[in-house]
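# A closer look at the structure
In case you want the letters, here they are:
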Amino acid sequence: MTAFASPYDRAPVTTRMADVAIVGGGPAGLSAGLFAGKNGLDAVLFDTDGTWMHKAHLFNYPGIGSVGGSEFMATARQQADDFGVDRKQGEEVTAVEASGDGFAVTTEDGEYEADYVVLATGASRDLAESLGCEFDGDLVDVGVSMETSVEGAYATGAMVRAEEWQAVISAGDGAAAALNILSNEKGEHYHDFDVPDTAASVFGGLIDDGE
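Residues numbered from 1 in each chain as written. Predicted model: local features only at pLDDT ≥ 70, side-chain atom pairs only at ≥ 80, totals over all residues. Heavy atoms only, no water.

### Observations regarding the packing of aromatic side chains
Tallied over the entire structure, the rule returns two aromatic pairs. The interplanar angle of 75° and the centroid separation of 4.9 Å between the aromatic rings of F46 and Y112 together place this pair among those described as edge-to-face. Within this pair, whereas F46 is found in strand β2 (residues 43-47), its partner Y112 is found in strand β8 (residues 111-119), the two being separated by 66 residues in sequence. As far as the burial class goes, F46 and Y112 line up, both buried. Pairing Y61 with F72 gives two aromatic rings, centres 5.2 Å apart and planes at 50°, and the pair type is tilted. With a gap of eleven residues between them, Y61 in the loop between β3 (57-58) and β4 (67-68) and F72 in helix α2 (residues 69-82) connect regions that are remote in the sequence. Here the basic side chain of K55 rests over the ring of W52, its NZ or CZ set 5.5 Å away from the ring centre. (Phe/Tyr/Trp six-rings, centres within 6.5 Å; stacked < 30°, edge-to-face > 60°. Helix = DSSP H or I, 4+ residues; strand = E, 2+ residues; numbered from the N terminus. Buried < 20%, exposed > 50% of the residue type's maximum accessible area, 1.4 Å probe, protein only. Lys NZ or Arg CZ within 6 Å of the ring centre and 35° of its normal.)

Put into structure tokens, the structure is as follows:
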């Protein structure tokens, strides 16, 4: 007799640990991942590629003369990858819950636990609401560090701003969130600053020499 697998048989759910779980892979999420990974935190980032950046062309991002949104995204993803961010492309987060001293992040493929969570899902505020974050009207209420009313949970980009949907602003939000997490972890105000004299020894082949 041929044995058929039951639709109720599921593979065991594995739990992966991380310092920071980032939900969303647009400018805010990738910026948070870049700053976290670059400075030694174990970061996992979930990206379903729903960003509006693929419809954009950037002329208003300082330091960039002109670049297509998809090209910008490809570069930003590569930066995050280069600094060790565990980017889960296409893996959708279905729930985020407080768990012990951190957070449990559930996806269609597994479960993750992290000490901090950064929400970077654009204007979608469902995860912030289910997590119990306080709102100011329709917007998630955050401080200048982007931390919400839930300790260790951060919200960025369009979910915290009324129509101020600019890539450069969202990237700044992600950086602010990651730097606050780094300050908490290191026990002092953390400042991420690199200089040419140390860049070669620290980053090696990641340096663009301009040639």
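Resuming the write-up.
### Let's talk about the packing of helix α1 (residues 27-38) against helix α4 (residues 167-186)
Between α1 and α4, the shortest axis-to-axis distance is 7 Å and the interhelical angle comes to 35°. At the point where α1 passes α4, the crossing takes the right-handed sense. For the pair α1 and α4, contact is made by P27, A28, S31, A32, F35 and A36 and by A167, S170, A171, G174, A175, A178, L179 and L182, respectively. Residues belonging to the contact of α1 with α4 are distributed by class as follows: eleven nonpolar, three polar and no charged. (Axes fitted to C-alpha atoms, helices over the stretch in contact; angles between N-to-C directions. Left-handed = near helix turned anticlockwise from the far one by under 90°. Contact = heavy atoms within 4.5 Å. Nonpolar A, V, L, I, M, F, W, Y, C, P; charged D, E, K, R; others polar.)

### Concerning the confidence of the model for the protein
Overall, the prediction assigns the protein a mean pLDDT of 90, with 90% of residues at 70 or greater. Low confidence marks residues 4-8, where pLDDT is under 50. Its contacts with residues over four positions away, or in another chain, come to zero contacts. (pLDDT = per-residue confidence, 0-100.)

### Considerations on the pairing of strand β6 (residues 93-99)
If a strand is regular, its side chains alternate between the two faces of the sheet. Relative to strand β7 (residues 102-107), β6 runs antiparallel, the two being bridged by six bridges. Considered in β7, the bridge of E97 is made with A104. The turn joining β6 and β7, which pair antiparallel and follow one another in sequence, is formed by two residues; a positive phi near 60° is taken by G100. (Pairing = 2+ DSSP bridges.)

### Structural notes on the packing of α1 against α2
Taken N-terminus to C-terminus, the directions of α1 and α2 make an angle of 25°; their axes are 9 Å apart at the nearest point. In terms of orientation, α1 and α2 fall into the roughly parallel class. Handedness of the crossing formed by α1 with α2: left-handed. Residues P27, L30 and L34 of α1 lie in contact with α2, whose contacting residues are F72, M73, A76, R77, Q79 and A80. Per-class residue counts for the contact of α1 with α2 are seven nonpolar, one polar and one charged. (Parallel < 35°, antiparallel > 145°, perpendicular 65-115°, else oblique.)

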